[in-house]
Protein chains: 2
Amino acid sequence: MERIDMNNPCGCEKCELRSVFFESFRGDELESFCRNKQETFHHRGDFVFHAGDEVKSFSYLKSGLVKLFKTMANGKDQIITIAGPFDFVSLLGTFTISHQPYSVSALEDSVVCHIDIQQIKHIVKHNGLFSLNLMERLGTTSNKIIQESMEIRKRNTHGKVAYFLLKLSRDLYMNQTFNLPVSRREIAEYTGMTTENVIRTMSEFRKEKIIRINGREIEIMDMESLDRISNFG
Amino acid sequence: MERIDMNNPCGCEKCELRSVFFESFRGDELESFCRNKQETFHHRGDFVFHAGDEVKSFSYLKSGLVKLFKTMANGKDQIITIAGPFDFVSLLGTFTISHQPYSVSALEDSVVCHIDIQQIKHIVKHNGLFSLNLMERLGTTSNKIIQESMEIRKRNTHGKVAYFLLKLSRDLYMNQTFNLPVSRREIAEYTGMTTENVIRTMSEFRKEKIIRINGREIEIMDMESLDRISNFG
DNA sequence: CATTCACTATGATATTTATCATAAAGTGAT
DNA sequence: ATCACTTTATGATAAATATCATAGTGAATG
C-alpha cells in the first residue's frame, strides 16, 4: 500500500460520486473534505483492509477492482462481492461497527479514496442533502449485493458460472472479450462451488464453443447459449 | 390488511426505534411525523407488499413477524430474510427505487408502521441527527442480511437447518422451546434446500434426540450437538 | 536456470442433494 | 362430518456436486 501525495487533492473531475460528494457541499465543507481525503494505491493482490481492522475511514474505489471477502474457520475464503470503480468499499456497517467485518484486497492495481469516518458523520449530521444522496447511493450498493447473492444462490453450478461470466462481460467490461480478473478458485469462492467444478464447467463451455479461453482472456462466443444457461440453470 | 385508527398515533412508548424516530426530532417534526404515520394490521399469511408495488412509504415492523421474499420465474419463492419487531420492512433501496423489489408477507399477525417516503426524505434532508441515526440503523439491517446469507451459504443441509433453528431459538424467541413460525417449505425457501430434505433433516434431528417436535412446537433438547452441527456442517 | 508453488486441467469415485412416488396427518371450508 | 387441499413424512432412485488423485502449465524466486 502506498500513500498518494497529490498536488490537487480533489482532482476528481471524472468521479461518478461527484453528485454525492461535491454537489451537496456547502461553504467550507469542500475545503475540509479535500484537506482530509486520502488516497491509497494497492498492487494486485495487496490488502486494502483486513477483517478485524479498526474502522477509521469511509472508503470507496477510485480505480481498479477489489474483492470483499471473509476467511472462514477452515481457512477458505468466501467472496461477498467484487467492487469496481466508484463502488463503496466500506459498506453501511461502517456507521455502526468499530471493526471491519470483511477483508478487502485488490484484484487489479487499485486506488482507494478514504474519508475520515468522523468527518463523514459530521457532514451527514450537518448537511441534509449530502445525507440523502449518500443514503441513496449506499442503499443501491447494499441492495445490489443482496440481489446478487440471491441470484447466485438459486442457480446450479453451470448457471452460477454463466451468470458470473455474463456479469463481468456486461456490467464490468462491457465487452464480450475480457481478461478474467480472478482465478478459478476465486470464482469458486464467489459462487460457493469447488474450484474443480468451476474449471470443469468452464472447460465444458469451451468444448461446446460457448466461450473461448486463452490464458486469462475470455471471449464469449455464444452469448445466447450462455444466457440460456444462466437463466435456466 | 386493515388500517388502524389510533387515538394516540404516536403511542410508541416501547418502540426500540424511539432513538431514531423521536429523539432526533426538532420543533414541528414530531407533530408532522405523527400526523402522517399510518399503521396497518396484517393477518398471518397476508401480504404487506407485493413485489412490483409502487414504493410509497418507508415501513418497519411494530409487532409480529414477516418474511421478505421473491417469487422466481418457476413460481417458487426465495426467502431473503425474516424480520421481527422493529426491523425495517423497507430496505435501503426504498430511497432510490420506485417499486418494491421484494414481496413481504406476515408469518404471524403483524402491525406495520408506514411513514410517507417523501416525508422521510424531507426529514433526512433537514435533520442531520435523524439522518445519522437512520443510516446507522439501516446499515445494521443490511449488514445482517448480507451476513446471514453468507452464513447459510457455507453450510451443508444439516448445518443450514441447525443454523436456522438456533437463530430462531436464540435471536427471536430467546427460549429453547418455541413454536415454528414457518412451514418446512418456508425453511427450504430460506435455506435454499428442497422441502423434503428439510423434513428429512428435522426428522433425523428428532431421531437423534437433538430436537423434540410436537406439531409446530420445537424443543431444542441437545443444544451442544445442534451447535456442533451448525458450526461444522 | 532450476526449483518451487500456485493454477489449470481431467478422470475416477464417493457423497450429498434433488427428484419422484406414495401415504398419513393436519387444516380449512362447506 | 366430509371433502379438498396442504403439510409432514419416508423410501427408492437419479442427478448433481464434492472429493481424491494425478499431471501439465505458467509464474515467481533465488
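Going by the structure above, here's the rest.
Residue numbers restart at each chain and count upward from 1, following the sequence in its written direction. Chain letters and ligand numbers both follow the written order, the letters beginning at A and the numbers at 1. For this predicted model, a pLDDT threshold of at least 70 governs which residues receive local features, and a threshold of 80 or more governs which side-chain atom pairs are given and counted, while totals over whole chains, interfaces and linings are taken from all residues. Hydrogens and water are ignored here; the side-chain numbers use all heavy atoms of the structure.

Caption draft 1: Representation of the sheet that holds strand S8 (residues 211–214) of chain B within the structure. All names here are of chain B. At least two DSSP bridges between two strands are needed for those strands to be called paired. Numbering goes from the N terminus for both helices and strands, where a helix is a DSSP run of H or I of at least four residues and a strand is a run of E of at least two. Strand order across the open sheet formed by 3 strands is S7-S9-S8, with antiparallel pairing between neighbours. Either end of the sheet is taken by a strand with one partner, and the two such strands are strand S7 (177–179) and S8. Looking at each pair of strands side by side, their axes are set apart by 20° on average, direction ignored. Bridge count for S8 against strand S9 (residues 217–220) is 4 bridges, and the pairing is antiparallel. In the strand pairing of S9, asparagine 214 is matched with glutamate 217. The strands that helix H7 (residues 195–207) touches are S8 and S9; relative to S8, the one it contacts most, it runs at about 115°. The axes are straight lines fitted to the C-alpha atoms, using for helices just the contacting stretch, and the angles between their N-to-C directions are given from 0 to 180°. Every residue pair with non-hydrogen atoms within 4.5 Å of one another is taken to be in contact.

Caption draft 2: How the structure looks around the interface of chain B and chain A. Counting residues at the interface gives 40 residues for chain B, matched by 39 residues for chain A. When two parts are brought into contact, each loses some accessible area as probed by a 1.4 Å sphere; the total of that loss over both is the buried area. Of the roughly 3,400 Å² buried where chain B meets chain A, counting both sides, 64% is carbon and sulfur surface. The largest share of the area that chain B buries against chain A comes from B:Met135, B:Ile146 and B:Arg153, three residues that together contribute 20% of it. By definition here, a salt bridge exists when the distance from a side-chain nitrogen of Lys or Arg to a carboxyl oxygen of Asp or Glu is within 4 Å. Summed over the shared surface of chain B and chain A, the result is 2 salt bridges. In this structure, A:Glu136 engages B:Lys121 in a salt bridge whose closest nitrogen and oxygen atoms are separated by 3.8 Å. Within 3.5 Å is the distance limit for a polar contact, defined as a pair of N or O atoms, with the added protein rule that one can donate a hydrogen and the other accept it, and that residues adjacent in sequence qualify only through two side-chain atoms. Remark: the boundary between chain B and chain A carries 10 residue pairs in polar contact (both at pLDDT 80 or more). When contributions to the side of chain B that touches chain A are tallied by element, the ones reaching two or more residues are strand S5 (77–83), helix H3 (117–126), helix H4 (128–153) and helix H6 (184–191) of chain B. No other element matches H4(B), which puts 19 residues into the side of chain B that touches chain A. Ten residue types, Ala, Val, Leu, Ile, Met, Phe, Trp, Tyr, Cys and Pro, are classed as nonpolar, four, Asp, Glu, Lys and Arg, as charged, and the remainder, Gly among them, as polar. Split into classes, the residues belonging to the side of chain B that touches chain A amount to 19 nonpolar, 13 polar and 8 charged.

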